[in-house]
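The primary structure of each chain is shown beneath.
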Amino acid sequence: MLMRIGGKDVEGVDETWIEVKNPATGEIIDRVPAGTPEDVTGATEAAETAFDSWADMTMRERGKILFRTSRKVREQYKDLAHLLTVEQGKPLKESTDEVRGFANVLEFYAGISACQNGEAIQLGAAGDCIVVRKPLGVCGSIIPWNMPVLIMGWKIGPALLAGNTMVLKPASSTPLTNLRLGQILEEEGLPPGVLNIVTGRGETVGTAMVKDAIIQKLSFTGDYETGVRIRDIAGASFKDIVLELGGSDPMIVMQDADIDKAVDGAVRGRFYNAGQTCTAVKRLYVHEKIAAQFIRKLQDRVESLTVGNGLGSKVDIGPMNSAEQREKISRRIEEMRNNKEGIILTGGNSLRGTVYEKGYFYRPTLVTNVIPESGLMTNEVFGPVLPVVTIPDLTSAIREANNTRFGLGASVWTKDLSTIKRVFKEVNAGIIWVNRHLSVPPEVPFGGLNDRGIGRENGQHAPESYSQTKTLYLGW
Ligand code: NAD
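Per chain, residues are indexed from 1 in the order of the written sequence. Confidence filtering applies because this is a predicted model: local features only for residues at pLDDT of at least 70, side-chain atom pairs given and counted only at 80 or more, and all residues used for totals across whole chains, interfaces and linings. Side-chain measures were taken over the full set of non-hydrogen atoms in the model, leaving aside hydrogen atoms and water.

A. View of the pattern of salt bridges. By convention in these notes, a salt bridge is any Lys or Arg side-chain nitrogen within 4 Å of a carboxyl oxygen on Asp or Glu. Inspection of every chain in the model, using the stated rule, returns 17 salt bridges. Across the pair Lys-155 and Glu-457 runs a salt bridge, and its minimum N-O distance is 2.9 Å. One end of the pair, Lys-155, is in helix α5 (residues 148-161); the other, Glu-457, is in the loop between β21 (453-454) and α15 (462-465), with 302 residues separating them in the sequence. Note on exposure labels: buried denotes an accessible area under 20% of the residue type's maximum, exposed denotes more than 50%, and partly exposed covers the range between, all computed with a 1.4 Å probe on protein chains only. Overall, Lys-155 belongs to the buried group, its relative accessible area being 0%. A relative accessible area of 5% places Glu-457 in the buried class. Among the ionic pairs, Glu-335 bridges to Arg-332, the shortest N-O distance being 3.3 Å. Here Glu-335 pairs with Arg-332, and both are found in helix α11 (residues 323-338), just three residues apart, close to one helical turn. Overlapping salt bridges, with partners in common, bring together Lys-72, Arg-180, Glu-187 and Glu-188 in one network. Each helix is a run of DSSP H or I of at least 4 residues and each strand a run of E of at least 2, with the numbering of both proceeding from the N terminus.

B. Region of interest: the sheet that holds strand β18 (residues 409-413). Should DSSP find at least two bridges between two strands, the strands are taken to pair. An order of β14-β15-β16-β13-β12-β18-β19 is seen for the seven strands of this open sheet, with the pairing classed as mixed. The sheet terminates laterally at β14 (343-346) and β19 (431-434), the two strands that pair on one side only. On average, each strand axis in the sheet is tilted by 25° relative to the strand beside it, whichever way the strands run. Bridge count between strand β15 (residues 365-368) and strand β16 (residues 385-391): four bridges; the pairing is parallel. Considered in β16, the bridge of Val-367 is made with Pro-387. Pairs of residues are marked as contacts when any of their non-hydrogen atoms sit within 4.5 Å. Here the axes come from fitting lines to C-alpha atoms, over the contacting stretch only for helices, and the angles between their N-to-C directions go from 0 to 180 degrees. Helix-sheet contacts for helix α10 (residues 291-303) involve β12 (249-253), β13 (281-287), β14, β15 and β16, and the interaxial angle to β14 is about 55°.

C. A nonpolar patch on the surface, seen in detail. Residues qualify for a patch when their relative accessible area is over 30% and they have no salt bridge, like charges being joined within 9 Å and the nonpolar side chains of Val, Leu, Ile, Met, Phe, Trp and Tyr within 5 Å. Reported accessibility uses the Shrake-Rupley method at a 1.4 Å probe radius. Residues are deemed covered only where the shown protein chains occlude them. A surface patch of nonpolar side chains, amounting to about 270 Å² of accessible area, comprises Ile-121, Leu-123 and Tyr-473. With respect to the secondary-structure elements, Ile-121 resides in strand β5 (residues 119-122).

D. Up close: the pairing of strand β6 (residues 128-135). By the bridge criterion, four bridges tie β5 to β6 in an arrangement that is antiparallel. Directly across from Gln-122, in β6, lies its bridge partner Asp-128. Between β5 and β6, which follow one another and run antiparallel, lie five residues, and Gly-124 among them has a positive phi close to 65°. Judged from the eight bridges that link them, β6 and strand β22 (residues 467-474) form a sheet pairing that is antiparallel. Directly across from Val-131, in β22, lies its bridge partner Thr-471.

E. Just the pairing of strand β4 (residues 28-33), in detail. Sheet analysis places strand β3 (residues 17-21) next to β4, joined by five bridges and oriented antiparallel. Counterpart to Lys-21 in the pairing with β4 is Ile-28. Where β3 folds back on β4, the antiparallel hairpin that results is connected by six residues, among which Gly-26 adopts a positive phi of roughly 75°.

F. View of the site of the ligand. The criterion for a residue being near a molecule or strand is simple. One of its heavy atoms has to lie within 4 Å of it. Around the ligand there are 28 residues in total, and Ile-143, Trp-145, Thr-226, Leu-245 and Glu-380 lie nearest to it. As used in this structure description, the phrase polar contact means that two N or O atoms lie within 3.5 Å; if the pair is within protein, one of them must be able to donate a hydrogen and the other to accept it, and residues adjacent in sequence are counted only when both atoms belong to side chains. Here an oxygen atom of the ligand sits 2.7 Å away from a polar atom, N or O, in the side chain of Thr-226. For the ligand, whose accessible area on its own is 840 Å², the fraction buried by protein is 91%. At the level of secondary structure, the elements contributing two or more residues to the shell around the ligand comprise α7 (202-211), β10 (215-221) and α8 (224-234).

G. Seen up close, the environment of Ala-114. Within the secondary structure, Ala-114 sits in the loop between α4 (92-111) and β5. Judged by its relative accessible area of 40%, Ala-114 is partly exposed. In sequence terms Ala-114 and Glu-61 are 53 residues apart; their C-alpha atoms lie 9.7 Å from each other.

H. Up close: the side chain of Ser-411. Within the secondary structure, Ser-411 sits in strand β18. Among residues more than four places away in sequence, those in contact with Ser-411 are Pro-250, Met-251, Ile-252, Trp-433, Arg-436 and His-437.

I. Looking closely at a positive patch on the surface. By the counting scheme adopted, Arg and Lys are positive, Glu and Asp are negative, and His together with the chain ends is not counted. A charged residue contributes its charge at one atom only: NZ of Lys, CZ of Arg, CG of Asp or CD of Glu. Taken together, the side chains of Arg-60, Lys-64, Arg-68 and Arg-71 present a region of like positive charge at the surface. The topology assignment puts Arg-71 in helix α2 (residues 59-75).

J. Structural context of the packing of aromatic side chains. Only Phe, Tyr and Trp rings take part, Trp by its six-membered ring, and two of them pair if their centres are within 6.5 Å. Stacked means planes under 30 degrees apart, edge-to-face means over 60, and tilted covers everything else. The full count for this structure, using the stated rule, is four aromatic pairs. Summarising the aromatic geometry, the rings of Trp-154 and Phe-446 are spaced 4.9 Å apart at their centres and angled 50° between planes, so their arrangement reads as tilted. Taken together, the residues span a long stretch of sequence, with Trp-154 in helix α5 and Phe-446 in the loop between β19 and β20 (449-450) at a distance of 292 residues. Here Trp-154 and Phe-446 have matching classes, each one buried. Judged by centre distance (6.2 Å) and plane angle (85°), the rings of Tyr-224 and Phe-406 are edge-to-face. One end of the pair, Tyr-224, is in helix α8; the other, Phe-406, is in strand β17 (residues 406-407), and 182 residues separate them in sequence. Taking relative accessible area as the criterion, Phe-406 reaches 4% and is therefore assigned buried. For a Lys NZ or an Arg CZ to count as sitting over a ring, it must be within 6 Å of the ring centre and within 35 degrees of the ring normal. Its guanidinium or amino end placed over the ring of Trp-54, Arg-62 lies 5.9 Å from that ring's centre, counting from NZ or CZ. A cation sits over an aromatic face here: Arg-268 above Tyr-272, 4.8 Å from the ring centre.

K. Spatial organisation of unusual backbone geometry. Phi is positive for Asn-273, close to 55°, though the residue is something other than glycine. Relative to the helices and strands, Asn-273 resides in the loop between α9 (259-271) and β13. Judged by relative accessible area, which is 1%, Asn-273 ranks as buried. Of note in this structure, Asn-435 is not a glycine but carries a positive phi near 55°. Residue placement: Asn-435 occurs in the loop between β19 and β20. With relative accessibility at 25%, the residue Asn-435 sits in the partly exposed group.

See below:
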């Protein structure tokens, strides 16, 4: 597929290409242009040209285009989910969830389009003020490969509704579904140049976007280290930035928890998307009174998961997105083995040398008796590996849960209100789930504390964050 700039399919000035591979087979399925800084300039100029007439439309008109797109996406969900599985690896049922999630996000923003208003402020004898909200201009989005479709929705929904035009960069391994969604938006009435999609590598296209003077706000979702680089470069300009970075979410299972429900929650929470989710359960703390029973059930469930090509109807876990991601996980487990930092209960290998030879698979893995200093506990582990730690009481569970630089999400599994109160108050995370984990509906603000980044996405106030106020002061 080609890039989309100014309503045209574009090969890019360099005419070099990036191959897109199916992670389940290693086969090349398509190629996209390896964009350059000149392509980014072309895209920001196209977005700037399209800005005035897009900003002049009413929110309701812009919302209608988002709504029509969501309807079309629902109609075409099978094709879109298939494309997502083939480029990203996740099982078809998860791709279907994600495509529908994208439609939900656009529908949500279309639905609130009539309620986004400025304000009038009465100052008595001094006059009255009318405060209107104006879009920022051209906004940039940099998308990761783990949830490329949903995250595209989180970024374009509020920004387009608020009247901004955009330049979007997909991850280099998952550009195809993003490009297809861009086509659907235009088919449903998005004017040319309002959303420009530049494919390419992070170091070239991404860096050019961070440095670009036309882009007023840049929203990035991705790895912590990349986020730090972006912050340092963007800090030199007046660009507004949102950084949605990694997570190392704890899950606390107390002695009064519904054990079966908590086991389900842990399996979904950790192994969904082959463990490649920012808010996945990355550290599990279980009360010692139920630990033996819980771990036995968890092990049974994990061993019953079917690993395979995501297109298979019975597959629970697909491949990881790239060979590089699988290597990272393999290295982390080897380090843990060599340093005797924990005990592997099940899994712990990459499935190479089997029928899975050509894909980037890693067997779902449970590790117990993990020491707090292990890299499994101190870093974000972005794959299907779950460390399980036994805790004697809530105080130590909270202490261990907070023993991280990330503060994205956390969950507690209990029936006790005072436990919920303490966890909500004392655990340092932006989202605390009770008896569930992972759900991120578009209605709810999303983001964490500490080193997980800067800013919030989603929720009814997100369009405001893509706007600026302008005041008319009437001194009667
Ligand atoms: P990544 O940082 O490698 O890549 C993300 C995007 O940034 C890609 O489009 C990439 O091409 C681009 N990029 C790479 N280097 C760049 C640079 N120097 N300048 C500008 N752009 C650059 O991240 P990833 O591996 O694709 O994504 C996985 C990470 O994303 C995990 O850490 C995960 O926790 C995080 N994530 C966070 C959230 C959240 O909302 N907090 C959601 C999903 C994923």
